Amino acid sequence: MTDVGDSFCITPASPTAEATALVFASPHSGDLYPEDMGATPGLTAASLRSAEDALVAQLIADGPRWGASLIEGRIGRAYVDLNRDPGELDPALIEGLDGPVGAKTAAGYGVLPRLAGDGTPLYARRMRREEAETRIETVHRPYHKALGELMQATRARRGRAVLIDWHSMPARAAGVEVVLGDRYGSACSARLTRRLRDLFEGLGWRVSLNRPYAGGWSTQCWGRPDEGYEAIQIEISRGLYLNEATLTPSAGYGRTHKALSRVIAALCAERWAD
């Protein structure tokens, strides 16, 4: 593992594995919250961490063993959301801003969230513009620079680079076990989406396509098949593996880990650069 400060870490593909065109990412696995966050007094740890993709990086840790490099965020999503456009700054949170913002930012979930995953306000103050920009420069930008370098190096080596962006969703979110987000078919080949759907349905899991998650900032940025880059976002139901109240493994964790390891091994065995 390559440790890059507190912002993110990279585990390269094993040198004994056959090289693949796959890059795995888990941007919301982080559980570190810098002391300068200045969150509202009395905010509980449960609320602060309620948007995290707890344990996702562990669930997909077999990726490098099978030839996919892995980048994972280490800073908690409530501090900076690595799967949001860095320009999506919330005027309701940050001083000196005006103008229109996207729907997610208006709802409190911009690149610097105003609300926790459970809807609790994160701050009892407004944030200075300089503070917001510093967070983006020190957390968001380095992560995406490193992701970009992984994707570019993979394409140079394999002729194509395929980002698999792994996430989790509340058990109540979609009524299925998996949501695949390929930006409505624009971010990757139909073959990749179809293969992932087949692999997950082969586990007996229900799969939805693009509803309610069509893919976030990373999928949008790297879903450029005509340029040799593909991307797809995978949302796994937390009900499969997580006690959502304590963010600890549930009784289904081991079974889910083994199931995902089979999916990863099968995916990495295929020639996605062809």
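Look up a bit, the structure's there.
Residues numbered from 1 in each chain as written. Predicted model: local features only at pLDDT ≥ 70, side-chain atom pairs only at ≥ 80, totals over all residues. Heavy atoms only, no water.

Asker: Let's hear about the pattern of salt bridges: which residues, and what values?
Answerer: Note on pairing: side chains with opposite charge can pair once their charged atoms come close. The final tally for this structure, using the stated rule, is 18 salt bridges. Note that Arg238 and Asp53 form a salt bridge whose closest N and O atoms lie 3.6 Å from each other. Separated by 185 residues along the polypeptide, Arg238 in the loop between strand 8 (229-237) and strand 9 (242-243) and Asp53 in the loop between helix 1 (45-48) and helix 2 (56-59) bring together distant segments of the chain. The pair formed by Arg238 and Asp53 is uniform in burial state, with each residue classed as buried. Through salt bridges with shared partners, a single ionic network connects Arg77, Asp81 and Arg84. (Salt bridge = Lys/Arg side-chain N within 4 Å of Asp/Glu carboxyl O. Helix = DSSP H or I, 4+ residues; strand = E, 2+ residues; numbered from the N terminus. Buried < 20%, exposed > 50% of the residue type's maximum accessible area, 1.4 Å probe, protein only.)

Asker: Explain the state of the cysteines to me, and be specific about the residues and the numbers.
Answerer: Scanning all chains against the criterion turns up 0 disulfides. No disulfide involves Cys188; its nearest neighbouring cysteine sulfur is the one of Cys221, lying 15 Å away. (Disulfide = S-S within 2.5 Å.)

Asker: Before we move on, could you go through the packing of aromatic side chains and cite the residues and values that matter?
Answerer: Applying the stated criterion across every chain, the model contains 4 aromatic pairs. Centroid distance Phe24 to Trp166: 5.5 Å. Interplanar angle 65 degrees. Geometry classified as edge-to-face. Pair noted here: Phe24 is in strand 3 (residues 22-26) and Trp166 is in strand 5 (residues 161-169), with a separation of 142 residues, a long-range link. Grouping residues by exposure puts Phe24 and Trp166 together as buried. (Phe/Tyr/Trp six-rings, centres within 6.5 Å; stacked < 30°, edge-to-face > 60°.)

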